[in-house]
Amino acid sequence: MKNNFIYLAVLAAGFASCEPEFENNVNADYTSGDANFTSYVAVGNSLTAGYMDGTVSRVGQTYSFPNLLAQKFALVGGGEFTQPSYAEDVNNLGGIQGLAPTRLVIDASQGRPENIAGTPTITLTPQATAFNNMGVPGAKSFHLLAPGYGNPAGLALGQANPYFVRHATSSNATVLGDAMTKNPTFFTNWIGANDVLSYATNGGAQSNGNTPAADHNETGNTTPSTYGSNDITNATTFAGVYSTIINTLTANGAKGVVATIPSVTSIPYFTTVPFAPLSPSALGGATNIATLNAQLYNNLDAIFTALGEPNRVNPLSATSANPILIIDVDATDRSAQIAAALTPTLGAPTATAFGQVFGKARQTTANDLIVLPASSVIGTVNTSSPSTSININGVTFPMANKWVLTSTEKTKVANATAAYNSAIISIAASKNLAVADMNSILNQLVTGLRIETGQVYTANYFSGVTSESKVLFSLDGVHPNARGYAVIANEIIKVINRHYNANLPLHYVNYFPGINIVGSN
Amino acid sequence: MRKLLSLTLLTLAGSTVFAGGYRVSLQGQKQLAMGHTGVAVVNSAEVAFFNPAGMAYLDKKFNLSVGGNGLFANTKFQNSMYNWEAETKNIGTPFSVYATYKINNWLTAGLAVYTPYGSAVEWDQDWQGAHLVNNIDLQAIFVQPTISVRVGEHFSIGGGPIIANGSVKFNRNLSMNPLFSVNGSGTDVNLDAKGITALGYTAGFMFNPSDKLRIGMNYRSEIMMEARDGDATYADVPDFAQSLLSNTTFDADLPLPAELTVGLSYQVTSKWLLAFDYNRTMWSAYKALDVKFGNGSESLNPRNYKNSSTYRLGTQYKANDKFTFRAGWYVDESPVQDGYFAPETPRNDSMGYTGGLTYQLNNKLGIDFSFLYLHFDEIDNSYNHSVDPITQQPNPNFGGTYKSVVFSPGIGITYGF
């Protein structure tokens, strides 16, 4: 009997040794290389905060690229990675109570993006804590250095940022100062997009939608405190601010990655609505088009042609898609000439009003970028029109400045972006920091970015369930979705592996969610 | 009573795949201990499986062998590019019952009930390869009435029909894309078909040119398990897709491939026997696992197995009236080709080490012990042929490093008079 027990024990040992063992464990070769991830701090804007679908939400924040990076850093000595608390966002609605709407979802019953039903529960209650993720949505480069950017009293004056108000350690704290209290050994810095992007997303207009915003590379203004919220930051100012940020972050020997600023042409916010969105059927067919031409387009064409601008407005085509009418603030003002030409048929008061409406009007061309929100405005009635005969947005009433980034405005954006990126790259080089060239990576989306799994992604906006798996941008058209942030995290990991001789595993992008679709809303 | 018996058998039949696709080579304690040789070995009623022709040479009028195995199969998976780790641990209980009765000098009848095919693999639900398989449980019981006819002194033939009864359960996620998920649980489809019946046959001959040498051949036909109107059930369907993914039925065919065995045994001394078997399994019949759903949609899953060989060596030493010792070794080729390495049969070429003994209580009754250890080298491989059913776009290749261990102790009794 005793022997039997021995046999049983041998048998049990046999089962135990039945565990399969790999020659090399999965994590055998992971290393931080020359980097030290003990205290990783991320500074930046919405792209760093995990902003998507028009907001930061509790779940969305978990997909912030710094959080995705920290998950991999943890394999090779990375310490705790904290982010501002969104515990308030119990139902994951995003938004900010009384300030910002809930996150965007696709309502399948309507087939369109909508703010998810419900009221935001995120408040501005100060957490007064420095976090490892110091991404502040909306921040421009110089905001990181601005005392009071998190002061609740500054909100009404537009001097403070509600997201930084939530976690600034004091009313005169700076974003960078709070970041430095975490004593970073490693950092990512992806700042500067808003220095040009808020100009671009507003179609080069100030917040009233009409008045042109300033490009301070033209004005030469190097005092950010005097900038309008949609102005383009002076590139020299940007470079100075950027140097300060990098000098501060590296003061104690920290290593890190800086990221370049993507061009607007790789963002669906600018590429989704075509410059000629008016199909003949959308215009009501050939009969309607003939009427529109007879009543408006032929007259405008004749007037502009007589003034030496034959292609400023052309008659609408009944066979191919047509451009929209827009206000181009850089166009020659022809209001007087239009009023004069129309007075015989319309009478002086109406003709003058028409002159005001169409004085700076033109049709869009392939060089213009129509912003995403315009898609729900084009073709709707404009109640501010002086006449019901010219009150259809984009068709009989020119769209305001903010709906279009004209070719002139686009050039300003491109020039500023290029100047910022060259500053970023040279400042990084001076400190031997790794550069994640997000501009060049995201530009590949225009033709299709093929990632390591073989999947190809595009810069397209959501256009249905069957192509959803290729979409990297969230429904706000500017910010990546979770899948997009995984691509970004992976690109940064590849840069770290290369530059710092590290070996970190990647995220498997295909498993990350993209667009949120609800059955009804 | 018969119904009760068959129910019991069904619950016992849970079996786990190893190297040879979903073939489970555990068809008798004595022969397993000898490296699962047996096409030219006349030891016990187990020969009804290995080569029905051999039943004619059994000394006793009535022979019964009943046995079962505990089959412990573990597979680990990892991929260091993405820091993936996964594991499946499964326990199966294949069994066999063999009985023979010598009607007269030239005719022996027998009945064999055994479980030669089966597969149970259970990864964690929503694991990295969930779009290929979450879990699978394939079971088949073969019932084989058999006769053996002796043709003269040195030659016999044998065979019989096989009635196969099987069931299959299969669960996978619909898509890699979390668009199809609810609260983090991927939308999955569960396929369930029971009571699949199919027919086949076994046939063989045995030739004994001398007292010491036996030569045998056995052929077991392919059996096509045709699941018809099984239940296809969707779970964790997001509300926007409810109308698209309502529960339906499915049809699918799964071949249990034909197997040809040739071999010989040689009685070196009165106590010492050597045996060699060669199996050729016609796995090329398994081209694809194509599922046709009642709602008209289809899921095409290429498998493209190749025919595979197994080489077996076994030996037996009859120490005395009480004890007989056995040992064996075999090499089992995997039928899975590169790029078709699906995690539902996640195993590669293996080497089997077997051993066992019989303790003869008396002239009639003996107890058989056996054990099997299957060694697998770790393998880097992937499945490159999966398609997302929603987008009809190819999924990325799914692969990594796999390592398996299979261990199976068995016990049985042999009774004869």
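Owing to the predicted nature of the structure, the values given are computational and were not obtained by experimental measurement.

Asker: Would you take a moment to explain the sheet that holds strand 5 (residues 186–190) of chain A for this structure?
Answerer: By way of backbone hydrogen bonds, the strands of a sheet pair with one another, either parallel or antiparallel. Residue and element names in this part refer to chain A. Strand order in the open sheet made by the 5 strands is 4-1-5-6-11, with parallel pairing throughout. Every interior strand has two partners, whereas the edge strands, strand 4 (133–135) and strand 11 (434–436), have only one. The average undirected angle you get between the axes of adjacent strands in this sheet is 15°. The pairing of strand 1 (residues 40–44) with strand 5 spans 5 bridges and is classified as parallel. Among the inter-strand pairings, Val43 is bridged to a residue of strand 5, identified as Asn189. Of the strands in this sheet, strand 1, strand 5 and strand 6 (255–259) are in contact with helix 9 (residues 235–249), which crosses strand 5 at around 170°.

Asker: Hey, could you run me through unusual backbone geometry in this one?
Answerer: Glycine aside, negative phi is the norm for most residues, and most peptide bonds take the trans geometry. Residues and elements named next belong to chain B. Phi at Asn83 is positive, roughly 55°, even though this residue is not glycine. Following the sequence through the fold, Asn83 ends up in the loop between strand 2 (71–79) and strand 3 (84–92). By relative accessible area, which is 22% here, Asn83 ends up partly exposed. With a phi close to 55°, Asp229 is a non-glycine residue in the positive phi region.

Asker: How should the interface of chain A and chain B be read in this particular structure?
Answerer: Interfaces are often described in size by the accessible area the parts lose on coming together. The interface is formed by 33 residues belonging to chain A together with 38 residues belonging to chain B. Area buried by chain A at its contact with chain B is led by A:Phe22, A:Val26 and A:Tyr511, which between them contribute 24% of it. Counting the contacts that link chain A with chain B gives 2 salt bridges. Between B:Lys89 and A:Glu19 there is a salt bridge, with the nearest N and O atoms lying 3.2 Å from each other.

Asker: Please explain the nonpolar core as it appears in this structure.
Answerer: One finds A:Phe270, A:Phe358 and A:Ile496 to be the most contacted residues of the largest nonpolar core, which totals 219 residues. Of the residues forming this core, the biggest block, 10 residues, is contributed by helix 16 (residues 482–499) of chain A. Split by domain, this core shows at least three residues from each of two domains, domain 1 (40–271 + 407–518) and domain 2 (285–405) of chain A. Aside from chain neighbours lying at most four places away, what touches A:Phe358 is A:Leu296, A:Leu300, A:Phe304, A:Arg312, A:Leu325, A:Ile338, A:Ile390, A:Thr396 and A:Pro398. Within the second largest apolar cluster, 10 residues are counted, among which are B:Leu71, B:Ala73, B:Leu374 and B:Phe376.

Asker: Looking at this structure, how should I read the packing of aromatic side chains?
Answerer: Two numbers describe a pair of aromatic rings. These are the distance of the centres and the angle of the planes. Summed over all chains, the structure comprises 47 aromatic pairs over all chains. When the centroid spacing of 6.2 Å and the interplanar angle of 55° are considered together, the rings of A:Tyr40 and A:Phe186 count as tilted. Of this pair, A:Tyr40 sits in strand 1 while A:Phe186 is found in strand 5, placing the two residues 146 residues apart along the sequence. With a centroid separation of 6.0 Å and an interplanar angle of 75°, the aromatic rings of B:Tyr415 and B:Phe417 are classed as edge-to-face. When its relative accessible area of 28% is taken as the criterion, B:Tyr415 is described as partly exposed. Taken together, the ring pairs connect A:Tyr508, A:Tyr511, B:Phe77, B:Tyr82, B:Trp84, B:Trp123, B:Trp127, B:Phe341, B:Phe398 and B:Tyr402 into an aromatic cluster. Above the plane of the ring of B:Tyr117 lies B:Arg23, whose end atom (NZ or CZ) is 5.8 Å from the centre. For B:Arg312, the ring lying beneath its charged end belongs to B:Tyr330, and the centroid distance is 4.4 Å.

Asker: Would you mind showing me how to read the pairing of strand 1 (residues 62–69) of chain B here?
Answerer: Residue and element names in this part refer to chain B. Burial along strand 1 is one-sided: Asn63, Ser65, Gly67 and Asn69 are buried, while Phe62, Leu64, Val66 and Gly68, pointing the other way, are not. In terms of strand pairing, strand 1 meets strand 4 (residues 95–102) through 7 bridges, oriented antiparallel. Bridged to Gly68 within strand 4 is Phe95. Alignment of strand 1 against strand 24 (residues 398–416), held across 7 bridges, turns out to be antiparallel. When the sheet's bridge partners are listed, Gly67 is paired in strand 24 with Gly412.

Asker: Looking at this structure, I do not really get the pattern of salt bridges. What am I missing?
Answerer: Think of it this way: side chains of opposite charge can pair up when their charged atoms draw near. Counted according to the given criterion, the structure contains 19 salt bridges over all chains. Residues B:Lys194 and B:Asp192 are paired through a salt bridge, measuring 3.5 Å at the closest nitrogen-oxygen approach. Among the residues examined, B:Lys194 registers a relative accessible area of 62% and is labelled exposed. Here B:Asp192 falls in the buried class, since its relative accessible area comes to 19%. For B:Glu298, the salt bridge is made with B:Lys292, and the minimal N-O distance between the two is 3.5 Å. Salt bridges linked by common partners bring A:Glu19, B:Lys76 and B:Lys89 together as one network.

Asker: What is the right way to look at helix 9 of chain A in this model?
Answerer: Residues spaced three or four apart along an α-helix face the same direction, because each turn holds 3.6 residues. The terminal C-alpha atoms of helix 9 of chain A, which comprises 15 residues, lie 21 Å apart, in line with the 21 Å expected from a rise of 1.5 Å per residue. N-cap assignment for helix 9 of chain A: the residue whose side-chain oxygen lies 2.8 Å from the backbone N of A:Thr236 is A:Asn234.

Asker: Any chance you could explain the domain arrangement of chain A here in plain terms?
Answerer: Residue and element names in this part refer to chain A. In terms of domains, chain A is made up of domain 1 (40–271 + 407–518) and domain 2 (285–405). For domain 1 and domain 2, the distance between their C-alpha centres works out to 37 Å. Counting from both sides, the interface comprises 24 residues of domain 1 and, opposite them, 15 residues of domain 2. At the boundary of domain 1 with domain 2, the tally comes to 0 salt bridges. Run the count over domain 1 and domain 2 and you get 5 residue pairs in polar contact (both at pLDDT 80 or more). Every element with two or more residues in the side of domain 1 that touches domain 2 is listed here: helix 7 (194–201), helix 10 (268–271) and helix 14 (407–430). In the side of domain 1 that touches domain 2, the residues fall into 10 nonpolar, 11 polar and 3 charged.

Thresholds, definitions, all that
Residues numbered from 1 in each chain as written. Chains lettered and ligands numbered in written order. Predicted model: local features only at pLDDT ≥ 70, side-chain atom pairs only at ≥ 80, totals over all residues. Heavy atoms only, no water. Pairing = 2+ DSSP bridges. Helix = DSSP H or I, 4+ residues; strand = E, 2+ residues; numbered from the N terminus. Axes fitted to C-alpha atoms, helices over the stretch in contact; angles between N-to-C directions. Contact = heavy atoms within 4.5 Å. Buried < 20%, exposed > 50% of the residue type's maximum accessible area, 1.4 Å probe, protein only. Buried area = accessible area lost by both parts, 1.4 Å probe. Salt bridge = Lys/Arg side-chain N within 4 Å of Asp/Glu carboxyl O. Core = buried A, V, L, I, M, F, W, Y, C linked by side-chain atoms within 4.5 Å. Domains from an automatic or database assignment. Phe/Tyr/Trp six-rings, centres within 6.5 Å; stacked < 30°, edge-to-face > 60°. Lys NZ or Arg CZ within 6 Å of the ring centre and 35° of its normal. Expected span 1.5 Å × (residues − 1). Polar contact = N/O pair within 3.5 Å; in protein donor to acceptor, adjacent residues only side chain to side chain. Nonpolar A, V, L, I, M, F, W, Y, C, P; charged D, E, K, R; others polar.

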